[in-house]
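Coordinate inspection notes
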Amino acid sequence: MREMGAKALRLGIPLSVHLDLTYRCNERCVHCYLDHDDHGEMTLAEITALLDQLAEAGVFFLILSGGEIFLRPDLFTIVEHARKLSFSVKLKTNAVMIRRTKAERLAALGVDSVQVSVYSHRAEVHDSITKLPGSFRRTVEGIRLLRENGIRVSIANVLMKGNAGDHRDVRAFAASLGADCTVDPTITPMMDGSRSVLDLNIDAQALRDLMRDPTLVGDVDAYCAPPAGPLADQDALETLPCSAGHTACYISPYGDVYPCVQFPLPCGNVRRAPFQEIWRDSPQFKDVRSITVHDLNGCSTCVHGGSCSRCPGARVHGGRHARPVTPGLREIVRAHGGGFAQPAPEEGSRCTARSCRPSRVARRRIEIPGFLAEPGALKLRIAAIS
């Protein structure tokens with residue numbers, strides 16, 4: 001898998017694309033970073049043309065998200081077109097609008113998986129977060145219908161002050177439904193730069209307790225221990241902060257292309273230029289690709305450099321440079337890369353950082369922010385492009 005990922009990186013292939021179809025939503029989650037108004041979403045014709053371009057560029061993994069994707073009446077047409085192009089399609093939804101016929105149709109289309117947000121095993125807590133009465137019941141009904149039709153479901157449990165103590169019960173509840181479960185302790189600043197939602201973050205002690213929960217991370221000592229050897233500088237997959245802008249990117253409902261949903265740096269718009277041209281020639285993408293772990297404060301000398309990832313996008317997004325403009329991005333990241341709530345560990349110390357990368361086993365159970373995740377199985381698309 002690492003060899004295939006390295007090959008995609010070497011060939012400059014955007015292996016994975018996260019495409020938001022809409023920012024509109026039927027829930028109003030207290031921690032949501034989105035503006036839910038429609039400011040001119042791409043039409044069906046624009047999206048299908050974009051999917052053609054993504055296939056030509058070598059994209060294999062396609063995440064369709066929102067907002068709530070089922071608010072688009074053309075969703076199934078979009079998914080059908082994506083599957084005809086042999087994308088591995090993952091959907092993100094709150095499942096409130098899923099009924100039996102929709103679940104059956106998704107199964108027939110062969111989507112890879114569906115991720116559903118569940119904030120608590122207690123209906124009153126879940127509904128208090130979504131601000132939609134009855135949402136827990138309808139979400140669970142949707143999950144059951146998906147599972148009855150053989151669709152793999154992953155429950156995403158975002159932790160915040162109002163539900164921090166519920167993750168063990170949510171995981172047990174997910175298992176009872178036949179679903180996987182990931183725990184995400186990350187609250188993201190709003191797209192307009194507002195940091196008000198960050199007040200919902202769990203505190204440092206709760207985060208440390210989470211990272212030391214053996215039911216999540218397995219062997220706690222092994223999980224938190226420094227790496228056994230030095231950082232292999234020759235391995236680009238280790239020295240790059242993440243895959244954003246290298247083998248993955250994000251596209252908004254309005255056609256704006258970003259390195260990642262966590263990295264608010266506009267690199268182009270597919271309504272004005274072809275995707276491959278943006279991916280290949282954008283000065284912003286080139287600037288992002290110049291950043292290495294060594295550009296982040298403390299990382300070049302930290303013993304955890306090989307097992308800990310910091311996100312330059314989240315740093316810029318969460319700091320005073322909420323809308324960075326290149327040139328100068330590299331300098332911004334260097335200057336503000338050390339601004340996480342947890343300081344870099346001392347030499348030889350055990351990791352307590354918010355950005356600690358889990359083991360492969362633990363990564364199935366705890367969802368450190370998406371920018372830390374590597375693409376999954378790399379199949380035929382990359383071989384065809386090469």
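Residues numbered from 1 in each chain as written. Predicted model: local features only at pLDDT ≥ 70, side-chain atom pairs only at ≥ 80, totals over all residues. Heavy atoms only, no water.

1. What about the sheet that holds strand 5 (residues 153-158)?
Hydrogen bonds between backbone groups are what pair the strands of a sheet, and the pairing can be parallel or antiparallel. Pairing is mixed in the open sheet, where nine strands are placed in the order 6-5-4-3-2-1-7-8-9. Where the open sheet ends on each side, the last strands, each with one partner, are strand 6 (180-184) and strand 9 (268-269). Where strand 5 and strand 6 come together, five bridges link them in parallel fashion. By the bridge assignment for strand 6, Asn-157 is matched with Val-183. In this fold helix 2 (residues 44-57) packs onto strand 1 (16-20), strand 2 (61-65) and strand 7 (248-251), with an angle of close to 170° to the strand it touches most, strand 1. (Pairing = 2+ DSSP bridges. Helix = DSSP H or I, 4+ residues; strand = E, 2+ residues; numbered from the N terminus. Contact = heavy atoms within 4.5 Å. Axes fitted to C-alpha atoms, helices over the stretch in contact; angles between N-to-C directions.)

2. Examining the environment of Ile-251
Looking at the element boundaries, Ile-251 is found in strand 7. Judged by its relative accessible area of 0%, Ile-251 falls in the buried class. Separated by 19 residues in sequence, Ile-251 and Val-270 place their C-alpha atoms 8.7 Å apart. Once you skip the residues sitting within four places of it in the chain, Ile-251 turns out to touch Val-17, His-18, Leu-19, Asp-20, Met-42, Leu-50, Leu-54, Asp-256, Val-257 and Phe-275. (Buried < 20%, exposed > 50% of the residue type's maximum accessible area, 1.4 Å probe, protein only.)

3. Focus on the pairing of strand 1
A large share of strand 1 lies buried, amounting to five of its five residues. What you see with strand 1 is no split at all: Ser-16, His-18 and Asp-20 on one side and Val-17 and Leu-19 on the other are buried throughout. Where strand 1 and strand 2 come together, five bridges link them in parallel fashion. Bridge pairing in strand 2 links Val-17 to Leu-62. The β-α-β motif built from strand 1, the intervening helix 2 and the parallel element strand 2 has right-handed crossover chirality. (Right-handed = clockwise from strand over helix to strand, strands pointing away.)

4. A few points about the nonpolar core
Core analysis: the largest hydrophobic core is formed by 62 residues, its most contacted members being Leu-19, Leu-54 and Phe-275. Among the elements that line this core, the one with the most residues is helix 2, at six residues. For Phe-275, the residues in contact, after removing those within four places along its chain, are Pro-14, Val-17, Leu-50, Gln-53, Leu-54, Ala-57, Cys-249, Ile-251, Val-257 and Val-270. (Core = buried A, V, L, I, M, F, W, Y, C linked by side-chain atoms within 4.5 Å.)

5. Considerations on the side chain of Thr-93
Tracing the sequence through the fold places Thr-93 in strand 3 (residues 88-93). Residues contacting Thr-93, with those up to four places away along its chain left out, are Glu-68, Ile-69, Phe-70, Ile-98, Val-114, Gln-115, Val-116 and Ser-117.

6. Overview of the packing of aromatic side chains
Within this structure, the stated rule accounts for seven aromatic pairs. With 5.6 Å between their ring centres and 85° between their planes, Tyr-23 and Tyr-254 make a pair best called edge-to-face. Here Tyr-23 is found in the loop between strand 1 and helix 2, whereas its partner Tyr-254 is found in the loop between strand 7 and strand 8 (256-258), with 231 residues between them in sequence. Taking relative accessible area as the criterion, Tyr-254 reaches 14% and is therefore assigned buried. Aromatic ring contacts, followed pair by pair, group Phe-275, Trp-279 and Phe-285 into a single cluster. (Phe/Tyr/Trp six-rings, centres within 6.5 Å; stacked < 30°, edge-to-face > 60°.)

7. Some words on the pairing of strand 5
Among the six residues that make up strand 5, six are buried, leaving the element largely enclosed by the rest of the structure. In this sheet, strand 5 lies alongside strand 4 (residues 113-117) in parallel orientation, the contact comprising four bridges. Residue pairing for strand 5: Gln-115 is matched across the bridge by Ser-154. Chirality of the crossover, the property in question, places the unit of strand 5, helix 7 (residues 167-176) and strand 6 among those that are right-handed.

These results come straight from atomic positions and should not be treated as a statement about function.
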